[in-house]
Amino acid sequence: TNIANKIVIFATQDVQINVPISLTSSGFLAIIAKGNISVVSTVGNSSRPLNPTSTDASLTGVFLADGNFQGGHRPDGQPDTQLVIYGTVGADMDLNGSGNVQGQRDMGTFNSRPGVAYVWNPNLLINAPSELFEALTDWREVAP
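Residues numbered from 1 in each chain as written. Predicted model: local features only at pLDDT ≥ 70, side-chain atom pairs only at ≥ 80, totals over all residues. Heavy atoms only, no water.

Draft legend 1. Examining the pairing of strand β7 (residues 59–65) more closely. Judged by how many residues are buried, β7 sits mostly within the fold: 7 of 7 residues are covered. By the alternation rule, side chains of β7 split into Leu59, Gly61, Phe63 and Ala65 and Thr60, Val62 and Leu64, which are all buried. Pairing analysis gives 4 bridges linking strand β5 (residues 28–33) to β7, with the strands arranged parallel. Residue Ala30 lies in a different strand from β7, and its bridge partner there is Val62. Pairing between β7 and strand β9 (residues 83–90): 6 bridges, direction parallel. Bridge assignment links Phe63 to a residue of β9, and that residue is Val89. (Buried < 20%, exposed > 50% of the residue type's maximum accessible area, 1.4 Å probe, protein only. Helix = DSSP H or I, 4+ residues; strand = E, 2+ residues; numbered from the N terminus. Pairing = 2+ DSSP bridges.)

As structure tokens, then:
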């Protein structure tokens, strides 16, 4: 999936990502979930580079969960592909201690390489919708 628009998804439950996601140079994607965000094990890079870059990315965007962010792994015990995220990941966004970022990938004989790699994407700041930057401020004068 190659996204050219500015898309923000607010999910009131768990989200499962089962396809690679890329953005055009002007695209933006944020998935903000009340539950967990999980990535299926088939979303990944089978070449497993030692030093992944943005060109190796399987997911591009902002992925924020109140629960866990889970990189996913194969249930059959076979080696996983490498998940490269060109963007931002966050868990426990409600700050109640209930969530973690969980890589989960086991690459077998390739375990000397990162199972999940995070590459900073400055374009996400440039392309983010302006509504995400608006701060709500409430000033009040109170009697001493």
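Draft legend 2. Quick peek at the layout of surface pockets. Computed from the structure, the largest pocket encloses a volume of approximately 210 Å³. Phe28, Val62, Leu125, Ala128 and Leu132 are the residues nearest the centre of the largest pocket, which is lined by 13 residues in total. If you list the elements that add at least two residues to the lining of the largest pocket, you get β5, β7 and α1 (123–127). The element best represented in the lining of the largest pocket is β5, accounting for 3 residues. Looking at the lining of the largest pocket, its residues break down into 11 nonpolar, 2 polar and no charged. (1 Å grid on protein atoms, 1.4 Å probe; cavity = no way out; pocket = protein on both sides within 12 Å on 5 of 7 lines; lining within 4 Å. Points joined across faces, edges and corners; volume = space filled by probe spheres on them. Nonpolar A, V, L, I, M, F, W, Y, C, P; charged D, E, K, R; others polar.)

Draft legend 3. The arrangement of the nonpolar core in detail. Residues Ile17, Ile37, Leu59 and Phe63 are the most contacted members of the largest nonpolar core, which totals 26 residues. At the level of elements, β3 (15–17), β5, β6 (37–39), β7 and β9 are the ones that each hand at least two residues to this core. When neighbours within four sequence positions are excluded, Leu59 is seen to be in contact with Ile17, Val19, Ile21, Val39, Val43, Leu83, Val84, Ile85 and Tyr86. (Core = buried A, V, L, I, M, F, W, Y, C linked by side-chain atoms within 4.5 Å. Contact = heavy atoms within 4.5 Å.)

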